[in-house]
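So the chains spell out like this:
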Amino acid sequence: MSKQMVCSCEDVTVDDIRHAVAKGFRDVESVKRFTGFGTGVCQGKSCLSAVAALLAKDKAQKPEGLLPFTPRPPLYPTELSVLASLPVDETQAPVGGMFEEMSVFPPVLRPEAPVPKKAKVVIIGGGILGLALAYNLSLRGEKDVVVLERGYLCAGASGRNGGGVRMQWGTSANIELAKRSIELMGRFARDMGINVWLRQGGYLFMAKTKAVAQRLERNAALHNKHGVPTRLLTLDEARDIVPGLTLKDAQAATYNPQDGVIFPWPFLWGYANACRKAGIAVETFTTVTGFEQSDGLVRKVKTDRGDIACDTVVVASGAWSPEVAKLAGVKLPNEPHRHEILSTEPLKPFLGPLVSVLDSGLYFSQSMRGEIVGGMGDALEPAGLNMGSTLRFVSRFARALTEQLPNLGHVKVLRQWAGCYDVTPDNSPVLGRTPGLENMLQLSGFVGHGFMMAPAVSERMAAWMTSGASDELFTRFSLRRFQEGKLEREDMIIG
Ligand SMILES: Cc1cc2nc3c(=O)[nH]c(=O)nc-3n(C[C@H](O)[C@H](O)[C@H](O)COP(=O)(O)OP(=O)(O)OC[C@H]3O[C@@H](n4cnc5c(N)ncnc54)[C@H](O)[C@@H]3O)c2cc1C
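Cut-offs applied
Residues numbered from 1 in each chain as written. Predicted model: local features only at pLDDT ≥ 70, side-chain atom pairs only at ≥ 80, totals over all residues. Heavy atoms only, no water. Near = heavy atom within 4 Å. Polar contact = N/O pair within 3.5 Å; in protein donor to acceptor, adjacent residues only side chain to side chain. Areas by Shrake-Rupley, 256 points an atom, 1.4 Å probe, with all protein chains shown as cover. Helix = DSSP H or I, 4+ residues; strand = E, 2+ residues; numbered from the N terminus. Nonpolar A, V, L, I, M, F, W, Y, C, P; charged D, E, K, R; others polar. Patch = residues over 30% accessible without salt bridge, like charges linked within 9 Å, V, L, I, M, F, W, Y side chains within 5 Å. Salt bridge = Lys/Arg side-chain N within 4 Å of Asp/Glu carboxyl O. Buried < 20%, exposed > 50% of the residue type's maximum accessible area, 1.4 Å probe, protein only. Axes fitted to C-alpha atoms, helices over the stretch in contact; angles between N-to-C directions. Parallel < 35°, antiparallel > 145°, perpendicular 65-115°, else oblique. Left-handed = near helix turned anticlockwise from the far one by under 90°. Contact = heavy atoms within 4.5 Å. Expected span 1.5 Å × (residues − 1). Core = buried A, V, L, I, M, F, W, Y, C linked by side-chain atoms within 4.5 Å.

(A) Up close: the site of the ligand. Lining the immediate surroundings of the ligand are 37 residues, of which E149, S158, G164, G450 and M452 lie closest. Take G162: an N or O atom from its main chain is 3.1 Å from a nitrogen atom of the ligand. A distance of 3.4 Å separates an oxygen atom of the ligand from a polar backbone atom of G163. Contact with the protein chains hides 97% of the accessible area of the ligand, taken as 1000 Å² for the molecule alone. Those elements that provide at least two residues to the shell around the ligand are α5 (128–139), β15 (335–346), β19 (412–423) and α12 (450–467). Taken together, the residues of the shell around the ligand sort by class into 17 nonpolar, 17 polar and three charged.

Written out as structure tokens, the structure is:
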């Protein structure tokens with residue numbers, strides 16, 4: 001074994017890169033995620049070309065496929081206190097953003113072989129929901145399944161989120177789904193052989209206004225009815241849990257010690273590996289371009305690598321679901337909304353829970369690598385598939401974070417990125433059958449909490465699809481509810 005270093009910030013060696021390639025990660029973005037190269041202090045300035053050269057030398061990727069990963073601002077690590085001092089016009093909506101994410105994946109990354117000619121179930125979207133559904137179908141004996149993903153695994157929101165998992169919700173349905181998901185997440189490493197860094201340090205919610213404080217109190221009582229041990233905290237109790245927290249303007253706080261954080265990426269790899277082992281095709285860099293339909297059914301899914309005849313098609317395309325459904329003439333009520341997020345240099349462990357100020361949508365937690373990872377909603381963000389990063393966000397976030405934890409002012413931000421929430425009018429998902437196109441199933445609209453819902457929802461959906469037994473989840477959250485005005489409003493949305 002050699003220890004020839006490629007990325008000294010993150011201790012990634014030549015052998016680590018070769019190991020990633022042997023595992024099937026061959027494009028630069030995927031190798032970055034699997035090994036962590038390029039995610040340290042220098043953000044790839046000293047290692048990107050070395051990795052590209054190695055992939056070329058080992059013929060892991062065609063030279064024209066050796067594209068650099070998306071650069072992440074800031075250009076240099078920058079202190080939160082500096083960012084917090086920048087002026088922000090809170091009356092203006094955010095515009096544009098630096099380093100717009102690649103929205104079209106170059107054809108050179110597309111596998112050369114054709115896709116399977118037919119499959120019983122075609123799932124569109126290789127995010128957490130599509131992959132978890134495919135995996136759960138395989139557990140129930142349904143392995144004639146193809147998952148189509150237009151980019152690399154982790155290209156969508158599932159590779160860009162905060163990794164928060166919590167039972168503190170405002171509806172019974174979400175509380176029960178989250179409880180089940182967290183139970184399954186606790187078993188994931190054992191069942192799938194991959195570490196997902198689940199750390200149950202709790203969620204500490206804070207309210208700054210009376211209305212939000214009442215919401216927290218009401219929902220804590222609902223949690224207790226479901227056996228979730230959420231409790232209202234005095235401000236002193238909250239400070240005992242997070243030393244140094246100012247709780248500025250706080251009117252109420254709640255805490256559930258069973259909530260926590262996970263590292264999202266290995267979930268996707270774990271599900272994808274298990275699917276492939278079961279014989280399910282997970283086709284990356286494959287874009288769905290249309291549908292062949294007749295007699296109220298989808299007959300074929302069209303892709304840029306060929307058509308696939310199918311019995312059932314599932315739209316699990318996250319924030320792109322309205323775009324995909326539109327190809328079949330189906331209108332979804334979902335709207336994509338950019339959400340930005342950042343990560344700092346690593347610190348010694350000091351922060352137990354994920355902390356969130358529900359009024360402003362500020363949230364932050366400490367990852368197992370020690371980084372502070374956090375984001376914040378922006379009420380003025382317009383709808384759109386925008387994944388660019390803004391100075392406005394880092395500045396607003398830095399101000400809100402250092403207001404609550406002033407000691408973090410000297411900590412440097414290493415990188416920021418963005419993803420899209422998949423927002424529905426009532427903050428609840430779109431599930432089940434499509435009126436007028438019975439064999440198209442919907443699995444989208446999870447706003448900013450789809451990651452934590454995926455294990456439980458996909459388990460229920462696979463059972464519903466394979467057993468034929470009814471499940472109220474797929475009628476209660478169906479598309480029909482928007483026509484019938486039966487909305488299910490969730491009020492514990494961060495952001
Ligand atoms: C900044 C941020 C923070 C978040 N924080 C949390 C959190 O703490 N906890 C939590 O539970 N959730 C969180 N979320 C939400 C969570 O990430 C999503 O709800 C979840 O990942 C959605 O999964 P998905 O599989 O539906 O979508 P995605 O992961 O977006 O997957 C959909 C996939 O479909 C693919 N696709 C699109 N069009 C096509 C096409 N035509 N053909 C083929 N494939 C296509 C896309 O490339 C994409 O990979 C956050 C989201 C963001 C953006």
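(B) A look at a nonpolar patch on the surface. A contiguous nonpolar surface patch, about 290 Å² in accessible area, is contributed by W197, F263 and M368. Relative to the assigned elements, F263 resides in the loop between β10 (260–261) and α9 (264–277). Classification of F263 as partly exposed rests on a relative accessible area of 32%.

(C) Highlighting the packing of α5 against α12. Where α5 meets α12, the closest approach of the two axes is 8 Å, and the angle between their N-to-C directions is 40°. As judged from the angle between their axes, α5 and α12 are oblique. Where α5 crosses over α12, the two elements pack in a sense that is right-handed. Residue-level contacts link I128, L129, A132, L133, N136 and L137 of α5 to G450, F451, A454, P455, S458, E459, M461, A462, M465 and T466 of α12.

(D) Highlighting helix α7 (residues 210–225). When the terminal C-alpha atoms of α7 are compared, their 23 Å separation across 16 residues agrees well with the 22 Å that a helix rising 1.5 Å per residue should span. The inward-facing, buried residues of α7 contact α6 (172–192), β7 (203–207) and β9 (252–256). Looking one or two places after α7, you find G227, whose phi comes out positive at around 80°.

(E) Main features of the environment of G40. Residue position: G40 is located in the loop between α2 (28–35) and α3 (48–57). Its relative accessible area of 3% is what places G40 among the buried residues. The spacing of G40 and F451 is 411 residues in sequence and 25 Å in space, taken between C-alpha atoms. Here G40 is in contact with C9, E10 and L414, once residues within four sequence places are set aside.

(F) The nonpolar core, seen in detail. Membership of the largest hydrophobic core comes to 95 residues, with the highest contact counts inside it found for F37, I123, F267 and L443. The dominant element in this core, judged by the number of residues it contributes, is α12, at nine residues. Apart from the residues within four sequence positions on either side, F37 is in contact with C7, V12, I17, V28, V31, K32, C47, L48, V51 and F69. L351, M376, F397 and L405 belong to the second-largest nonpolar core, a separate cluster that totals 31 residues.

(G) Focus on unusual backbone geometry. The amide bond that connects P73 to the next residue, P74, takes the cis arrangement and shows omega of -5°. The backbone of C154 shows a phi angle near 85°, a positive value even though the residue is not glycine. With a relative accessible area of 2%, C154 lands in the buried category. In this structure, L247 takes a positive phi of about 55° despite not being glycine. Mapping L247 onto the fold places it in the loop between α8 (235–241) and β9. Accessibility expressed as a relative area gives 3% for L247, which makes it buried.

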